[in-house]
Amino acid sequence: MEDGTGVHVPIEEEEEAILYYDASATDGNDYDDRWCIVGRFLTERQIDFEAMQHMMASLWQLGKGMLQRGEDPRLITLNEVDMWVQLHDLRSGFKTVTVDKDVANYVGKFVQSDEKNFMGLWWDYLRVRVTLNVTKPLKRRMKLCNTNGIEFWTNFKYEHLPTFCFICGIMGHSESFCPQRFEV
């Protein structure tokens, strides 16, 4: 075999060439993370890419839920969403910050309370923002009890809830496409 200069190079010498690199040294990503967006659609339906592209362009807000620089978008799990939940049918004495947080942590992970919850306005419910795991069923209600033994239920209403299943309670599909419906 010739190396382009007319000199004959034995194949054995060519196969012994090895390049060594420091495993800890990286010179960058194999993608340009300046233009990277990571998301998840809670549906089994086919997505109209052009419509989605126009929608994302109109909703784009820099800095909100953005990927951290240098983070690999292929390794991110997108199983959580923040959502406002209304806590209905709370009795007097239970409309407190402590109950607010405790019930929110039962629904998901507490993020914040609505600042108007305790401002003297008469509301029929309290609002809390929670982080929900989209792979788990939504909770409908919770039983509360005081030290006198009085029990009652508080019911949850989710604001701007996407498609979800009334059979299994999981977001992303309706009861027409529920896997549990087709199980034997």
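Cut-offs applied
- Residues numbered from 1 in each chain as written.
- Predicted model: local features only at pLDDT ≥ 70, side-chain atom pairs only at ≥ 80, totals over all residues.
- Heavy atoms only, no water.
- Helix = DSSP H or I, 4+ residues; strand = E, 2+ residues; numbered from the N terminus.
- Buried < 20%, exposed > 50% of the residue type's maximum accessible area, 1.4 Å probe, protein only.
- Arc of directions from axis to C-beta.
- Salt bridge = Lys/Arg side-chain N within 4 Å of Asp/Glu carboxyl O.
- Core = buried A, V, L, I, M, F, W, Y, C linked by side-chain atoms within 4.5 Å.
- Contact = heavy atoms within 4.5 Å.
- Polar contact = N/O pair within 3.5 Å; in protein donor to acceptor, adjacent residues only side chain to side chain.

## Notes on unusual backbone geometry
Negative phi is the rule for most residues except glycine; trans is the rule for most peptide bonds. One non-glycine residue, aspartate 89, adopts positive backbone phi at about 65°. Looking at the element boundaries, aspartate 89 is found in the loop between β1 (80-88) and α3 (97-107). A positive phi angle, close to 55°, is found at histidine 160, a residue other than glycine. Structurally, histidine 160 is set in the segment after β5 (151-158). A relative accessible area of 76% places histidine 160 in the exposed class.

## Notes on α3
The complete set of buried residues in α3 reads Val99, Asp100, Val103, Ala104 and Val107. Angularly, the buried residues of α3 cover 130° about the axis, an arc narrow enough to put them on a single face.

## Looking at the pattern of salt bridges
A side chain with one charge can pair with a side chain of the opposite charge if their charged atoms come near. Within the structure shown, the criterion is met by 4 salt bridges. One salt bridge connects aspartate 114 with arginine 127, and the closest N-O pair in it is separated by 2.6 Å. Within this pair, whereas aspartate 114 is found in the loop between β2 (109-113) and β3 (125-133), its partner arginine 127 is found in strand β3, the two being separated by 13 residues in sequence. The burial state of aspartate 114 is the same as that of arginine 127; both residues are buried. With a closest N to O distance of 3.4 Å, lysine 143 and glutamate 151 form a salt bridge. On the accessibility criterion, lysine 143 (42% relative accessible area) is partly exposed. What makes glutamate 151 partly exposed here is its relative accessible area of 46%.

## What to know about the nonpolar core
Val85, Leu87, Leu90, Leu132, Leu144, Phe156 and Tyr158 are the most contacted members of the largest nonpolar core, which has 21 residues in total. The set of elements that each furnish at least two residues to this core consists of β1, α3, β3, β4 (141-145) and β5. Ignoring any residue separated from it by four or fewer positions in sequence, one finds leucine 132 in contact with Asn79, Glu80, Val81, Met83, Val107, Gly108, Leu138, Tyr158 and Met171.

## Regarding the side chain of glutamate 159
With respect to the helices, strands and loops of the structure, glutamate 159 is situated in the segment after β5. Accessibility expressed as a relative area gives 18% for glutamate 159, which makes it buried. Here the side chain of glutamate 159 touches glutamine 86 through a polar contact of 2.9 Å, side chain to side chain. Each residue touching glutamate 159, except ones within four places of it in the same chain, is listed here: Met83, Trp84, Gln86 and Arg127.

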